[in-house]
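Commentary on secondary and tertiary structure
Each chain, written out:
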Amino acid sequence: MYLKQGDLFWGMDTDFVKEAMAATTKENLEEGQVVFKEGDPAESFYILVKGRIKLTLGEKSREVYVAYQPGEIIGWSSLIGRETLSATARCLEPTILSKVDRQRFLDILGRYPSEGATLFQRVATMLGNRLVKLYPSIA
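Residues numbered from 1 in each chain as written. Predicted model: local features only at pLDDT ≥ 70, side-chain atom pairs only at ≥ 80, totals over all residues. Heavy atoms only, no water.

1. Overview of the overall build of the chain
- Summing up its helical and strand segments, the chain has 3 helices and 8 strands in all.
- Buried residues in the chain amount to 39% of all 139 residues.
- In the chain, 79% of the contacts between residues at least 6 apart in sequence involve partners at least 24 apart.
- Only carbon and sulfur atoms are counted for the fraction: they give 52% of the accessible area of the chain, which is about 7700 Å². (Helix = DSSP H or I, 4+ residues; strand = E, 2+ residues; numbered from the N terminus. Buried < 20%, exposed > 50% of the residue type's maximum accessible area, 1.4 Å probe, protein only. Contact = heavy atoms within 4.5 Å. Areas by Shrake-Rupley, 256 points an atom, 1.4 Å probe, with all protein chains shown as cover.)

Below, the structure written as structure tokens:
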């Protein structure tokens, strides 16, 4: 499952959505460009607008997932309170991302607790489905 770009905030309070969108910046990246590296500070997360991003782990850069659907979240570690990012993300083609500052976004969520609950439920669903998709590769 993935979240279409607009689905992440669908049905939420209009003021919350405006503030959340104001916390984003658009990034245009080239094929091969690294978005972030495993162990980098978890200061931002990203929403995929267009393109494909390969996530890898460890020194051998073991591929664990390819994000390709608009609305997928990359760098979700920053949303759950981790201090560092758990994977490396590299663009497989020209890619457009919405970059979201962690602290600014969490401050906004603090003012809109019901929207925060809905958002985390959507993110949990997306990550759960991503994990189920990975089961065959780790079995």
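2. What to know about the packing of aromatic side chains
- Overall, the coordinates contain 4 aromatic pairs when judged by the stated rule.
- Aromatic pair Phe36 and Tyr46: ring centres 5.8 Å apart, planes at 25°, arrangement stacked. Here Tyr46 lies in strand E3 (residues 44-50) and Phe36 lies in strand E2 (residues 34-36), a separation of 10 residues in the sequence.
- We classify Phe36 as buried; its relative accessible area is 6%. (Phe/Tyr/Trp six-rings, centres within 6.5 Å; stacked < 30°, edge-to-face > 60°.)

3. Here we look at the pattern of salt bridges
- This structure, assessed with the given rule, holds 3 salt bridges.
- Note that Glu19 and Arg111 form a salt bridge whose closest N and O atoms lie 2.3 Å from each other. With Glu19 in helix H1 (residues 14-22) and Arg111 in helix H2 (residues 102-111), the pair connects residues that are 92 residues apart, well separated along the chain.
- The class for Glu19 is partly exposed, based on a relative accessible area of 24%.
- Its relative accessible area of 49% is what places Arg111 among the partly exposed residues.
- Between Lys99 and Glu27 there is a salt bridge whose closest N-O contact spans 3.8 Å. Taken as a pair, Lys99 in strand E8 (residues 95-101) and Glu27 in strand E1 (residues 24-29) lie far apart in primary sequence, 72 residues in all.
- Take Glu27: its relative accessible area is 22%, and that puts it in the partly exposed class. (Salt bridge = Lys/Arg side-chain N within 4 Å of Asp/Glu carboxyl O.)

4. Brief notes about H2
- Along H2, the positions that sit buried rather than exposed are Arg102, Phe105, Ile108 and Leu109. One face of H2 carries all of its buried residues, which in axial projection span an arc of 130°.
- Where H2 begins, one side-chain oxygen reaches toward the backbone nitrogen of Gln103, 3.4 Å away; that side chain belongs to Asp101. (Arc of directions from axis to C-beta. Polar contact = N/O pair within 3.5 Å; in protein donor to acceptor, adjacent residues only side chain to side chain.)

5. A few points about the environment of Tyr65
- With respect to the helices and strands, Tyr65 occurs in strand E5 (residues 62-67).
- The spatial distance from the C-alpha of Tyr65 to the C-alpha of Leu55 is 5.2 Å, given a sequence separation of 10 residues.
- Here the side chain of Tyr65 touches Glu72 through a polar contact of 2.4 Å, side chain to side chain.

6. Regarding the packing of H1 against H2
- Between H1 and H2, the least distance of the axes is 9 Å, while the angle of their chain directions is 170°. In terms of axis orientation, H1 runs roughly antiparallel to H2. In this structure, H1 uses Phe16, Glu19, Ala20 and Ala22 to contact H2, whose residues at the interface are Arg104, Phe105, Ile108, Leu109 and Arg111.
- Counted by class, the contact of H1 with H2 contains 6 nonpolar, no polar and 3 charged residues. (Axes fitted to C-alpha atoms, helices over the stretch in contact; angles between N-to-C directions. Parallel < 35°, antiparallel > 145°, perpendicular 65-115°, else oblique. Nonpolar A, V, L, I, M, F, W, Y, C, P; charged D, E, K, R; others polar.)

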